[in-house]
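# Close look at the chain arrangement
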Amino acid sequence: MKSILIKDTTREEREQIVAESIGNIGGSCDGCMAGLAEMYQDYIDGKREIKDINMEFRANYESDEGMNDRNSCAYM
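A few points on the structure. (Residues numbered from 1 in each chain as written. Predicted model: local features only at pLDDT ≥ 70, side-chain atom pairs only at ≥ 80, totals over all residues. Heavy atoms only, no water.)

### Section: the pattern of salt bridges
Tallying each qualifying case throughout the model produces six salt bridges. Two residues, R11 and D45, come together in a salt bridge whose shortest N-O distance is 2.6 Å. Residue R11 is found in helix α1 (residues 11-22), and its partner D45 is found in the loop between α3 (41-44) and α4 (50-63); the two are separated by 34 residues along the sequence. For R11, a relative accessible area of 34% puts it in the partly exposed group. (Salt bridge = Lys/Arg side-chain N within 4 Å of Asp/Glu carboxyl O. Helix = DSSP H or I, 4+ residues; strand = E, 2+ residues; numbered from the N terminus. Buried < 20%, exposed > 50% of the residue type's maximum accessible area, 1.4 Å probe, protein only.)

What follows is the structure, given as structure tokens:
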């Protein structure tokens with residue numbers, strides 16, 4: 001398996017990695033998929049690694065930090 005680290009990929013490859021991982025971002029689920037695509041924009045832009053984005057999301061989810069303000073799964 002090829003590395004998915006920013007240093008080992010081009011922007012186009014990162015866009016493809018995110019698209020393939022998320023699936024059909026045009027699908028309808030009250031904005032969930034679009035929110036996920038936005039969540040990974042820093043990875044696509046080469047600013048943050050996927051593992052760091054996932055760890056931050058997981059930490060916020062597990063701690064329920066800010067959960068009272070969330071109206072849908074698309075809130076990031």
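So that's the structure; there's more coming.
### Let's talk about the nonpolar core
One finds I6, I17, V18, I22, A37, M39, Y40, Y43, I44, I50 and I53 forming the largest nonpolar core, which totals 11 residues. Going through the elements one at a time, α1, α2 (32-39), α3 and α4 are the ones with two or more residues in this core. Of all the elements, α1 adds the most residues to this core, at three residues. (Core = buried A, V, L, I, M, F, W, Y, C linked by side-chain atoms within 4.5 Å.)

### Examining the side chain of T9
As for its placement among the helices and strands, T9 is situated in the segment before α1. A distance of 3.0 Å separates a polar side-chain atom of T9 from the backbone oxygen of L5. Ignoring any residue separated from it by four or fewer positions in sequence, one finds T9 in contact with S3, I4, R14, I17 and Y43. (Polar contact = N/O pair within 3.5 Å; in protein donor to acceptor, adjacent residues only side chain to side chain. Contact = heavy atoms within 4.5 Å.)

### Digging into the environment of T10
Examined against the element boundaries, T10 turns out to sit in the segment before α1. A residue is classified by how much of its surface remains accessible, and T10, at 39% relative accessible area, is partly exposed. In the structure, T10 is positioned 34 residues away from I44 in sequence and 8.7 Å away in space, judged by C-alpha atoms.

### Some words on the environment of I6
Considering the arrangement of structural elements, one finds I6 in the segment before α1. Taking the C-alpha atoms as reference points, I6 and Y43, 37 residues apart in sequence, are found 7.3 Å from one another. In this view, I6 contacts R14, Y43, G46, K47, R48 and E49; residues no more than four positions away in its chain are not counted.

### Focus: the side chain of R14
Turning to its location among the elements, R14 is positioned in helix α1. Buried and unpaired, R14 has E13 as its nearest opposite-charge partner, separated by 6.6 Å. Other than its neighbours up to four places away in sequence, R14 contacts I6, T9, Y43, I44, D45 and G46. (Lys, Arg positive; Asp, Glu negative; His and termini not counted.)

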